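# Secondary and tertiary structure notes
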Amino acid sequence: MKDRKSTVLRVLQYIRKYRMFVIFSLLLAAVTVGLTLYVPILVGDAVDLLLGVGKVDFEQIFKIMFEIGIVMLVTALAQWVMNTCNNHIAYHVVKDIREDAFANLERLSFIFLDGHSYGDIVSRIVADVDTFADGLLMGFTQLFTGVLTIAGTLIFMLVTNVPIALVVVCITPLSFFVAKFIAGKTFHMFKEQSQTRGEQTALIDEAIGNQKLVKMFSQEEKLTQKFTEINGRLEECSLKAIFFSSITNPATRFVNSLVYAGVGIFGALVAIKGGISVGRLSCFLSYANQYTKPFNEISGVITELQNALVCASRIFELIDETPQVPDDEKARVLRQAKGEVSLDQVYFSYLPEQKLIQNFNLAVKPGQRIAIVGPTGCGKTTVINLLMRFYDVNSGQINVDGTDIRKITRGSLRTGYGMVLQETWLKSGTIRENICMGRPDASEEEMIQASKAAHAHSFIKRLPKGYDTVIGEDGGSLSQGQKQLLCIARVMLCLPPMLILDEATSSIDTRTEQKIQKAFATMMEGRTSFIVAHRLSTIREADVILVMKDGNIIEQGSHESLLAKNGFYTELYKSQFSG
Amino acid sequence: MKLLLKYLKDYKKESVLAPLFKLLEAFFELLVPLVMASIIDRGIGNGDMGYVGKMGLCLITLGLVGLTASITAQFFAAKAAVGFAAKVRKALFEHIQGLDFTSIDKAGTSTLITRMTSDINQVQSGVNMVLRLFLRSPIVVFGSMIMAFTIDVKSALIFVAAIPMLAIVVFGIMLWTMPLYKKVQSHLDAVLGITRENLTGVRVIRAFHKEEDEEERFKEAASVLAVSQTFVGKISAVMNPVTYIIVNGAILALIYVGALQVNVGNLSQGEVVAIINYMSQILVELVKLANLIITITKALACADRVADVFGIQNETRKPAGRECEFPDAYFSVEHVSLTYDGAGAESLSDIDFTVEKGQTIGIIGGTGSGKTSLIHLISGVYPATAGGIYLEGKNIDGMDGNALKERIGMVPQKAVLFKGTVRSNLLWGNENATEDDLWQALELAQAKEIVESKQGGLDAVVEQNGRNYSGGQRQRLTIARALVRKPEILILDDSASALDYATDAKLRKALQKLEGKTTVFIVSQRASSIRHADKIVVLEDGEMACVGTHEELLAGCSVYQEIYYSQYPEERPMEDAR
């Protein structure tokens, strides 16, 4: 409850920026509602003038008609301007929230990013914000006018005739309760439906996503059987959910017709006694219709708003998530690093209860080549996380050119490294944009030269539009090997003083790899490089080899000295030839 | 949509009854203003309280009857829509399962999944809404007009003028905004795209220190979205005020005509009230109709997308009636080429080699050299576009699908497990495998320790896609899955890539000890994985560069030499090294 309150307050803060629009919109809403309610009165007055043959006062009627015409036009205009205002507020508030969320996203720590599913974060920024926009808009357009309409009608009715008004007041809440009752009863049916639906989607995802496999093992029939079973259950619970929830409308409509009948009967009785004119009664009747409508709408809006608030709180969670420690104010900008890297008594683990890197010491002279090896899942990427300062060490320190990296701006530290990761990642856009990511001002020649060095030029040339070929999200139609070549070209263009190569060549065939290695060799010349690879041949020439196992560095030294040790490295090395 | 309608056939009764009951409800609703009119004219006019009471009861009865009719209609509509959707879903699932790979590749997996799920759901709610409302709104609109005619022809003519105007406004705005809404959707897609990209590429973006640029890019996309949303909003916001003006204008006209008619004695006061009531009902109905039309257009678009999938048909193809050149060979690949559908060039051309029972065949080559394509052909997944592949002298293209598949154990490149248990996954290989069979396969695949370490052993839970297992673990389990089948032919498509060298070596040793005469195809980029094969097929750019044993190839195949020495540089002969 308290959470909800704070969420509402947050939303209001965002709206504050548009408060002039809000005030204007509220004013217009009041005008619209007032005038909308005034029209039936005028119509009723006109009807009252239709007394009978030859007794119609045309002059008076024309006057009323003129009045109705003016009121109608003003109402319509007010309504349009109000809606436009509401749109403006809702969509801009949403834009502001999205931008804040995204801005924080760019600053979030990797502890958060690695610990959350990307799908969830994306759905917060996209789907949740969208639902929130819908709710906000609906709230603005319907909640306020709804409440005003109810209040206005009530006042008008009470002013005109108290007893008939009381009849309306007593019956209408019924529709509210009916709707609420049905919604409560159908809640678990909908829940069951969405659960079953999720189950089915998972099966479809599996079966169709891996269809080749399914066919290879002739599992089509078995899966179809399973599908049919879930489908049957889904049909059953969907029917229940849809049918029972669809009773709401007829039921509330029935309550409306009760109100209508109530006003009709009671009003007629009053009219017979002369308590109300026929025109006023007809006005009452149209109120009876209008009065119940907002009740139904409001119950819908309230669910919608609750939903919107839940969504809003999910976005605020993201906005409030503590970002990484900001750069130190006195942090220095690393320029033209020499590439001297040292790790001094470094301790690090992702989880406090699970010890990983302990007392890790390493001194790398400029231009040295460090290879990191070990079996799958031994924590090689952890070292990269620390070097790039994606994560901060728990204790000890890492220095570049003798400065603790926590005293260097993140941006300059990271651009000091050229990185090719295991997971190739390309942004959607042209090949050119991707290669020039690190240096947007690079000239055509420089770009082509870098591509040639990465052996990417020849395949890029063969693409339909060469360097201006647009590639889809995550590389689109390019093969894994081609994507990797592009990632290498991207680094080739920047040639930073330090390099991190994380299994960069694992999905490129050995021949291409060899060519790349030659290119790498030139690139690594005079550059400090850290290389992670399964292939022992690629790291044999390293100055220092770090052997990792279970997250810890267990051996350290040159190829020969490690072989002489006859330890874990030797075992790893030998297994390559034991066939 | 037409294509899908046949699935509604079984719900003919429901699909007719639902609108029929809706019609009844609308009819009763239309009677209400008439009853009200007589209450005013006869009840109030004559001061007849009894009549008012009677007619009042009549109003309540009409409401009750309407309620019953409406609930009945809702039931039939829900039943027809849900049943229809279930039928379509099942048919679609079966249809997709029956498609061959060429067709699936063409369609794309992810779109097939959305069509099976969200699109069909949209169609379901579309059908439901149509049955419930589509008849109701026109009936109320036109019914109101007809009722007006029964009261007074001159007043009714105002309806005749107002209704087309309303229709033009409602449909006009709808047609105008529809493409704009689509645009909004695509702007939203852009926002989604940038967000996704910034998550999947977070390390690279931060490594290149591009956070601020990305923020700018996002801001721009968010602004474009907001502007386009506001613009469409402005246009749709016109709908309500304009319809309001038209309806109220019509009411003004009705008052005027009514005044004239009452003055002459053609109409009573109550009748004028009734006619005005009918006009107001139209306004309420129009708002509903507008919402409905959006749902229907969406549903129609989705129905088209679903129908498109049904439209995908496997190409009927005559297997090549090619003579087998080596009828005595166990397995022969003879001058085979493969061109994927829609691809410009051949992915494989003129591959030709034979295999004896029990042999191990290595397939090696660079990225894009056609290794996986060759595996696709050997396992019968894709048919060869030229040449022929023969198992014991019979063309596998003409073989019954399952007859071939049952003899092959396949370990695909991407190690995927299905939701269930370890056991349920292993049983894919052979449904009748015993407990011992399973453990034996696990041991061979070096996966025994994985299962033993998991709680529940063979019954340990496997999440969707096997995501609760590491890549290496999954790979070993998929190997076990293929071994459970005790296949005659075992295909390992780069199946050791996620394994470290030590495990890879152990696995290869174990495979060599396989009982019976299992023929093994190993695809790899590592020379160490295939160097002991009886025959090594070297592929380059879709062509067979050479074929032979390790020693033969090392002596006379330059492509193989290059691959091998790039992995074992110290074995390179001295004169070559320079």
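For clarity, every value in this text was computed on a predicted model and none was experimentally measured. Residue indices follow the written sequence of each chain, beginning from 1 at its first position. Lettering for chains starts from A, numbering for ligands starts from 1, and both go in the order in which the items are written. The predicted origin of the model limits local features to residues at a pLDDT of at least 70 and limits the giving and counting of side-chain atom pairs to 80 or more, whereas totals for whole chains, interfaces and linings rest on all residues.

### With respect to the overall build of chain A
As a reminder, the rule being used: A run of H or I in DSSP becomes a helix once it reaches four residues, and a run of E becomes a strand once it reaches two; helices and strands are each numbered from the N terminus. Every C-beta atom is placed from the backbone, and the number of other C-beta atoms within 10 Å of a residue's own sets its class: buried at 20 or more, exposed at 12 or fewer, partly exposed in between. Distance between backbone-placed C-beta atoms decides contact: two residues are in contact if it is within 7 Å.
When helices and strands are tallied, chain A shows 21 helices and 12 strands. Expressed as a percentage of the 579 residues in chain A, the buried residues total 46%. Put simply, 80% of the contacts in chain A that link residues at least 6 apart link residues at least 24 apart.

### Points about the interface of chain A and chain B
Test applied: Polar here means any residue outside two lists: the nonpolar Ala, Val, Leu, Ile, Met, Phe, Trp, Tyr, Cys and Pro, and the charged Asp, Glu, Lys and Arg; Gly therefore counts as polar.
Contact with chain A, which involves 120 residues of that partner, is made by 126 residues of chain B. If one sorts the elements of the side of chain A that touches chain B by residue count, helix α3 (residues 58–105) of chain A sits on top with 24 residues. Per-class residue counts for the side of chain A that touches chain B are 61 nonpolar, 42 polar and 17 charged.

### Brief notes about unusual backbone geometry
Residue and element names in this part refer to chain A. For Gln345, which is not glycine, the phi torsion reads 45 degrees and is therefore positive. When you line up the elements, Gln345 lands in strand β1 (residues 341–348). Phi is positive for Arg389, close to 60 degrees, though the residue is something other than glycine. Residue placement: Arg389 occurs in the loop between α12 (380–387) and β4 (395–400). For Arg389, a count of 20 C-beta atoms within 10 Å puts it in the buried group.

### Focus on helix α9 (residues 211–264) of chain B
Because each turn of an α-helix spans 3.6 residues, side chains separated by three or four positions in sequence point in the same direction. To be explicit about the condition: Under the convention used throughout, the expected extent of a helix is 1.5 Å for every residue step, that is, one less than its residue count.
Over its 54 residues, α9(B) extends 80 Å from the first C-alpha to the last, a length consistent with the 80 Å expected when each residue adds 1.5 Å. Remark: Gly265(B) follows α9(B) within two positions and exhibits a positive phi of approximately 95 degrees.

### Points about the sheet that holds β4(A)
Residues and elements named next belong to chain A. This is how the line gets drawn: Two strands qualify as a pair provided that DSSP identifies no fewer than 2 bridges between them. Helix axes are fitted only over the stretch in contact, all axes being lines through C-alpha atoms; the angle between N-to-C directions runs from 0 to 180 degrees.
On the basis of which strands lie adjacent, the open sheet formed by 4 strands has the order β2-β1-β4-β5 and antiparallel pairing. Sheet topology places β2 (357–364) and β5 (403–404) at the edges, where each strand pairs with a single neighbour. Of the pairings in the sheet, the one linking β1 to β2 comprises 5 bridges and is antiparallel in character. Bridge assignment links Leu343 to a residue of β2, and that residue is Leu362. Along the sheet, α12 contacts β1, β2 and β4; its crossing angle with β1, the most-contacted strand, is approximately 115 degrees.

### Details of the packing of helix α6 (residues 162–171) of chain A against helix α10 (residues 248–272) of chain A
Relative orientation and spacing of two packed helices are given, respectively, by the angle between their axes and the distance between those axes. Residue and element names in this part refer to chain A. Rule in force here: When describing relative orientation, an angle under 35 degrees is termed roughly parallel and one over 145 degrees roughly antiparallel, while 65 to 115 degrees is termed roughly perpendicular and anything else oblique. Each helix crossing is assigned a hand: it is left-handed if the near helix lies turned anticlockwise from the far helix by less than a right angle, otherwise right-handed if that turn is clockwise.
Where α6 meets α10, the closest approach of the two axes is 9 Å, and the angle between their N-to-C directions is 165 degrees. As the angle between them shows, α6 and α10 are arranged roughly antiparallel. Of the two elements, α6 crosses α10, and the hand of that crossing is right-handed. Touching Pro163, Ile164, Val167, Val168 and Ile171 of α6 are Val255, Leu258, Val259, Gly262, Val263, Phe266, Gly267 and Val270, all from α10.

### So, the sheet that holds strand β3 (residues 369–373) of chain A
Residue and element names in this part refer to chain A. If you walk across this open sheet you meet the 6 strands as β6-β9-β10-β3-β11-β12, and the pairing is mixed. With one partner strand each, in any of the chains shown, β6 (417–420) and β12 (552–557) form the two edges of the open sheet. Averaged over all neighbouring strand pairs, the angle between strand axes comes to 15 degrees, with direction disregarded. Helix-sheet contacts for α12 involve β3, β9 (498–502), β10 (528–532) and β11 (544–549), and the interaxial angle to β9 is about 150 degrees.

### Some points on the environment of Leu495(A)
All names here are of chain A. Its location among the elements puts Leu495 in the loop between α17 (480–494) and β9. Distance in space between the C-alpha atoms of Leu495 and Gly438 is 9.7 Å, their sequence separation being 57 residues. When near neighbours in sequence (up to four residues on either side) are disregarded, Leu495 contacts Gly418 and Met523.

### Examining the nonpolar core
Counted only if it meets this: For our purposes the nonpolar core covers buried Ala, Val, Leu, Ile, Met, Phe, Trp, Tyr and Cys residues that link as a set through C-beta atoms within 7 Å.
Grouped together as the largest cluster of nonpolar side chains are 202 residues, with contacts concentrated most on Val168(A), Val263(A), Ala480(B), Ile491(B) and Phe521(B). Setting aside chain neighbours within four positions, we find Phe521(B) in contact with Ile361(B), Ile363(B), Ile375(B), Ile378(B), Ile491(B) and Leu492(B). The next biggest cluster of nonpolar side chains, apart from the first, holds 118 residues, and it includes Val11(A), Val33(A), Leu485(A) and Leu572(A).

### Things to note about the packing of helix α2 (residues 12–46) of chain B against helix α6 (residues 136–151) of chain B
All names here are of chain B. Close contact between α2 and α6 brings their axes to 10 Å; oriented N to C, the two are set at 35 degrees. For α2 against α6, the interelement crossing comes out right-handed. Contacts between α2 and α6 involve Lys22, Leu23, Ala26, Glu29, Leu30 and Leu34 on the former and, on the latter, Arg136, Ile139, Val140, Gly143, Ser144 and Met147. For the contact of α2 with α6, a count of residues per class yields 7 nonpolar, 2 polar and 3 charged.

### Topic: the confidence of the model for chain B
Keep this limit in mind: For every residue, the predictor reports its confidence as pLDDT, a number between 0 and 100.
Considering every residue of chain B, the mean pLDDT works out to 83; 92% of them sit at 70 or more. For this predicted complex, the interface score ipTM comes out at 0.77, alongside a pTM of 0.68.

### Brief notes about the pairing of β6(A)
Residues and elements named next belong to chain A. Across the two faces of β6 the burial is the same, with Tyr417 and Met419 and Gly418 and Val420 all buried. For β6 and β9, the ladder comprises 4 bridges, and the chain directions are parallel. The residue of β9 that forms the bridge with Val420 is Leu501.

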